[in-house]
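Examining the three-dimensional arrangement
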Amino acid sequence: MRLENGNGLAPVRGGADRDDAVSAAATGGLPAALVIGDECEGIGRSGVRSFGAGRNVAARSVAARSMAGRIGGGKWRALAGMAAGLACLWLAARGLAPGALSDVPAGLRDLAPRQWVIALCATMVSFWALGRYDAVAHRHLRTGLPAEAAGHAGAVAIALSQATGLGLITGALARWRALPGLSAAQAVGVTLFVSVSFMLALAVVIGAASLLHGGPLPRQVALTLLGIAALGAALAVRYPVLRLGKRRLALPSLRAAGKILVMTWLDTAMACLAFHALLPAGAGLGWADLYPVFLLATAAALASGSPGGLGAFELTLLGLLPHLPDATLMTGLVGFRLVYFALPAALAMLALARPAPASETRHRAGRDVTADRAADHPEAASLVQNGGALVQGEMAVLPLVPLGQSLVMLGDPVVGAVPFRWLGAEAAAANLLPCLYKIGPQAALAARRAGWQVLHIAEEAVIDPARHDPTRPAFRQLRRKLRKAEAAGLGVARPAGPLPLTEMAAINRAWCEAHGRERGFSMGRFCPALLARQRVYLARHAGRIVAYVSFHTGGGAMMLDLMRWEVGAPDGTMHALVAAAIEDAGKAGVARLSLAAVPARHAEGWSGRVLGALCGGGLAQFKQSFAPRWQPLYAAAPGRLALAIGLADILRAIHRPTPLAPRQDNPKEVTIRTAG
């Protein structure tokens, strides 16, 4: 249970200097670690920037003074919280039976040692769960600090702030003090994240507990809370990043939300157990009956804004447990305040007196080797365009793209085999689920052996340019199309100089008007910077460009990317463009040319429609005219639910792609932090 309220902190504005530890923390607003500015357009959810850890003593002293100076900005809120607490205490005292308070010392002495031990053990488990909130927050904000250190600092901060009040200020200062590698802005960001996420999760736990255990909350209200939570989860999957004007706010992933929800249940259940254990013998109240009431009292305490929820917590319990003797209830409350509030606060003060040294064991994410390995992977630049990178980790180089809920490996490893444990840890370090997409049979077999769920989703049209012979019978349809293009006077060639981007952009706009908006992720989008690094073929008719195709190149392979044509282009235009590319690839010694993928041909009904949405229809008949070898492609994830979430994530990225970065002059040099 955490009673860390928000008194004393003004809202945080974006745009603070990220190198000034205090400016973002004190000037208010969403902390910079939570906000993605315009410069990150086109970067996935992993584009959240993290701060440098280094801060000298002088800078941290200045930061402390600046943060402390801001406490006064919330003095009226703090005074209001204290006034509310005193009013609640006065009301509670008026309702007590005569002599109830005077019986408390004797009641505490009569508690058995076993009751104190149970309460202490439950408190320890509760604070361990509290620390897990911070571990999730640090992963979401990409601080890179170890989960163990983050959890320890979180438990210390909450123990201190829930006892003293001014939760966001006290919590931020305590976290900043306990973690020398954390900037003040990051400390505020973590505190905001923990505070807001706990309150939302508490509402869900209250609804679920009321349905399971009964209690004073009406069933309709409980169902409404759970319904709102389910709707919020669905919206978070649909919109993982919220736009706030020109800025974007990355929402916690489902994995992060699930962990917070479980830890909120464990935290409050153990806090309730600690309170229940300290009720005098003969109270006649079971834990299951107490839990829903305890949760409502916790919510009331948070809403009051008083330090530790003092007054509101007691008044709520007295009002909702009228059958319990006042002396019994007050004995349990005083014992609970001692064990759950006073003792942890004292230990937190001792811990802050000598904080841990700066951590040198930050999570070591895979190393971004996009710039070094771009030539080995034909889709390296497109990978970066979608917020991904080539990442080296554990004897392998993987093409990774972080999405709202998943860390997706897009295609087979560039080097080595899939390191499943490492990939799972890399995803967990970013609060994401691992997912493999469009992998070949060998990686799919390895995934199945690793216990992952595997699904056949697509088939890739692969051509060996050296063996491509259009005179064979299998190419009858292709020859017919090429004759029509030739008869229409169509000319196909690679541009000798700079690309005619103005004309190509006009064709792209016309194509989008005829076929709908461009799709993203594994599908090509018009990007001049990317086109400049691709192999492009232009088709001209009557002296003007009417169509073009582009191919990724690298690693001795070519892969079809863009296909754009005007309405009214001669029949056979696209066949002629691709045929020219295959012929050139054969002359250049290219070992493999891919015409991209089509949905798995065995899929029918709803599964066929889903795969069609994932693979974009694929122009199967068009590609079949080149008599390719069809290679099966698969998707894989650790379980059915993870696979469903991963595919839903990919589907969203395809149909609602992130806007392209305004600057992509050199996509190969744009490196993205993929995890950790």
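Further up the page is the structure itself.
Let me begin by describing the structure that accompanies this report.

Conventions and cut-offs
Throughout, a residue's number is its position along its own chain's written sequence, starting from 1. Given that the model is predicted, a residue must reach a pLDDT of at least 70 before its local features are reported, and side-chain atom pairs must reach 80 or more before they are shown or counted; all residues, however, enter totals for whole chains, interfaces and linings. Only hydrogens and water are set aside; all other atoms, that is, all heavy atoms of the structure, feed into the side-chain values. Numbering of helices and strands starts at the N terminus; helices are DSSP runs of H or I of at least 4 residues and strands are runs of E of at least 2. Only protein chains enter the accessibility calculation, which uses a 1.4 Å probe; a residue whose area is less than 20% of its type maximum is buried, one above 50% is exposed, and one in between is partly exposed. By definition, residues are in contact when any of their heavy atoms lie within 4.5 Å. Surface exposure here means Shrake-Rupley accessible area, sampled with a 1.4 Å probe, where a residue is shielded only by the protein chains that are shown. A strand pair is defined by DSSP finding two or more bridges across the two strands. Each patch is built from salt-bridge-free residues with over 30% relative accessible area, joining like charges within 9 Å and nonpolar side chains (Val, Leu, Ile, Met, Phe, Trp, Tyr) within 5 Å. The working definition used for a salt bridge is a side-chain nitrogen of Lys or Arg within 4 Å of a carboxyl oxygen of Asp or Glu. Paired rings are identified among Phe, Tyr and Trp, the last through its six-membered ring, by centres lying within 6.5 Å, and are further divided according to the angle between planes into stacked (under 30 degrees), edge-to-face (over 60) and tilted (the rest). Fitting a line to C-alpha atoms yields each axis, with helices limited to the stretch in contact; the angle taken between N-to-C directions then spans 0 to 180 degrees. Note on angle classes: values under 35 degrees are labelled roughly parallel, values over 145 roughly antiparallel, values of 65 to 115 roughly perpendicular, and the remainder oblique. What makes a crossing left-handed is the near helix being turned counterclockwise from the far one by less than a right angle; a clockwise turn instead makes it right-handed. Gly counts as polar in this scheme, as do all residues outside two lists: the nonpolar Ala, Val, Leu, Ile, Met, Phe, Trp, Tyr, Cys and Pro, and the charged Asp, Glu, Lys and Arg. We define a nonpolar core as any set of buried Ala, Val, Leu, Ile, Met, Phe, Trp, Tyr and Cys residues linked to one another through side-chain atoms lying within 4.5 Å. The length a helix should cover is 1.5 Å for every residue beyond the first. It is the directions from the helix axis to the C-beta atoms that the arc portrays. In protein, a polar contact requires one atom able to donate a hydrogen and another able to accept it; more generally it is a pair of N or O atoms within 3.5 Å, and residues adjacent in sequence count only if both atoms are side-chain atoms.

A few words now on the overall build of the protein. A tally of regular secondary structure across the protein gives 24 helices and 15 strands. Here the protein holds 676 residues, and 54% of them are scored as buried. Considering only contacts in the protein between residues 6 or more positions apart, those separated by 24 or more positions represent 74%. Entry remark: accessible area of the protein is about 28300 Å², with carbon and sulfur atoms responsible for 60%.

Even without glycine at this site, Phe 521 takes up a positive phi of about 60°. On the secondary structure map, Phe 521 appears in the loop between helix H19 (501-515) and helix H20 (528-531). A positive phi angle is found at Ala 596, which is not glycine, with a value near 70°. Structurally, Ala 596 is set in strand S14 (residues 592-599).

Moving on, we come to the sheet that holds strand S7 (residues 406-410). Across the sheet, 12 strands lie side by side as S4-S5-S6-S7-S8-S15-S9-S14-S13-S12-S11-S10; this open sheet has mixed pairing. Two strands lie at the open edges of the sheet, namely strand S4 (367-368) and strand S10 (491-493), each paired on one side alone. With nine bridges connecting them, strand S9 (residues 453-463) and strand S15 (residues 629-637) associate as antiparallel partners. If you follow Val 462 over to S15, its bridge partner there is Arg 629.

Residues Leu 231, Leu 235, Tyr 239, Leu 242 and Leu 244 make up a contiguous nonpolar surface patch of roughly 440 Å² in combined accessible area. Elements with a minimum of two residues in the nonpolar patch: helix H9 (219-238) and strand S2 (241-244). Inspection of the secondary structure assignment puts Leu 244 in strand S2.

This brings us to the pattern of salt bridges. Inspection of the entire model under this criterion finds 10 salt bridges. Between Glu 518 and Arg 564 there is a salt bridge whose closest N-O contact spans 2.9 Å. Here the residue Glu 518 occupies a position in the loop between H19 and H20, and Arg 564 occupies one in strand S13 (residues 557-565), the gap between them amounting to 46 residues. Summarising the burial analysis for this pair, Glu 518 and Arg 564 share the class buried. Where Arg 544 meets Glu 566, a salt bridge forms, and the shortest distance between an N and an O atom there is 2.7 Å. Here Glu 566 lies in the loop between S13 and helix H21 (573-588) and Arg 544 lies in strand S12 (residues 544-554), a separation of 22 residues in the sequence. Residue Arg 544 is classed as partly exposed on the basis of its relative accessible area of 41%. Classification of Glu 566 as buried rests on a relative accessible area of 17%. Several salt bridges share partner residues, and in doing so they unite Lys 481, Lys 484 and Asp 571 into one network.

What follows deals with the pairing of strand S3 (residues 247-250). Sheet topology note: the S2/S3 ladder contains four bridges and is antiparallel. Bridge pairing in S3 links Leu 242 to Leu 249. Hairpin connection of S2 to S3: two residues between the antiparallel strands, including Gly 245 at a positive phi of 70°.

A complete count under the given rule lists 16 aromatic pairs for this structure. With a centroid separation of 5.1 Å and an interplanar angle of 45°, the aromatic rings of Phe 127 and Tyr 340 are classed as tilted. Of this pair, Phe 127 sits in helix H5 (residues 113-141) while Tyr 340 sits in helix H13 (residues 326-353); the two residues are 213 residues apart in sequence, bridging distant segments of the chain. Each member of the pair, Phe 127 as well as Tyr 340, is classed as buried. Look at Phe 275 and Phe 336: their rings are 5.6 Å apart centre to centre, the planes differ by 70°, and that puts the pair in the edge-to-face class. In this pair, Phe 275 is assigned in helix H10 (residues 254-277) and Phe 336 in helix H13, connecting sequence segments 61 residues apart. Overall, the relative accessible area of 0% leaves Phe 275 in the buried class.

Attention shifts here to the packing of H5 against helix H8 (residues 184-213). Where H5 contacts H8, the axes come no closer than 9 Å and their chain directions differ by 120°. The orientation of H5 with respect to H8, classified from their angle, is oblique. Considering the relative orientation of H5 and H8, their crossing is right-handed. Residues Tyr 133, Asp 134, Val 136, Ala 137, His 138, His 140 and Leu 141 of H5 form the contact with H8, whose own contacting residues are Gln 186, Gly 189, Val 190, Phe 193, Val 194 and Phe 198. Among the residues forming the contact of H5 with H8, the class breakdown is eight nonpolar, four polar and one charged.

Right, let's talk about the environment of Gly 543 for a bit. Inspection of the secondary structure puts Gly 543 in the loop between strand S11 (535-541) and S12. Considered as a pair, Gly 543 and Gly 489 are 54 residues apart in the sequence and their alpha carbons are 9.9 Å apart.

What follows concerns the side chain of Asn 508. Looking at the secondary structure, you find Asn 508 in helix H19. Taking relative accessible area as the criterion, Asn 508 reaches 7% and is therefore assigned buried. Apart from residues lying up to four places away in sequence, Asn 508 is in contact with Glu 518, Phe 526, Tyr 548 and Arg 564.

This part takes up the nonpolar core. If you look at the biggest cluster of nonpolar residues, it comprises 82 residues, and the most contacted ones within it are Phe 275, Phe 313, Leu 317, Leu 321, Leu 329 and Phe 336. Broken down by element, the residue count for this core peaks at 13 residues, all from H8. Of all hydrophobic cores here, the second largest spans 31 residues; its members include Ala 461, Phe 475, Ile 582 and Leu 595.

Taking 1.5 Å per residue, 15 residues should reach 21 Å; H19 reaches 20 Å between its end C-alpha atoms and fits that length. Listing the buried residues of H19 in full gives Met 504, Ala 505, Ile 507, Asn 508 and Trp 511. Seen along its axis, H19 keeps its buried residues to an arc of 160°; they face one direction. Structural note: H19 exposes Thr 502, Arg 509 and Glu 513 on the side pointing more than 90 degrees away from its buried face.

Another point: the environment of Ser 550. Within the secondary structure layout, Ser 550 lies in strand S12. Judged by relative accessible area, which is 0%, Ser 550 ranks as buried. Residues Ser 550 and Tyr 537, 13 residues apart in the sequence, show an inter-C-alpha distance of 6.4 Å. Among the polar contacts made by the side chain of Ser 550, one reaches the side chain of Gln 534 at a distance of 3.0 Å.

As a packed pair, H5 and H13 sit with axes 10 Å apart at the nearest point and diverge in direction by 45°. Judged by the angle between their axes, H5 and H13 are oblique. Read as a crossing pair, H5 and H13 show a hand that is right-handed. Of the residues in H13, those touching H5 at Trp 116, Ala 119, Leu 120, Thr 123, Ser 126, Phe 127 and Leu 130 are Gly 335, Val 339, Tyr 340, Leu 343 and Pro 344. Considering only residue class, the contact of H5 with H13 consists of nine nonpolar, three polar and no charged.

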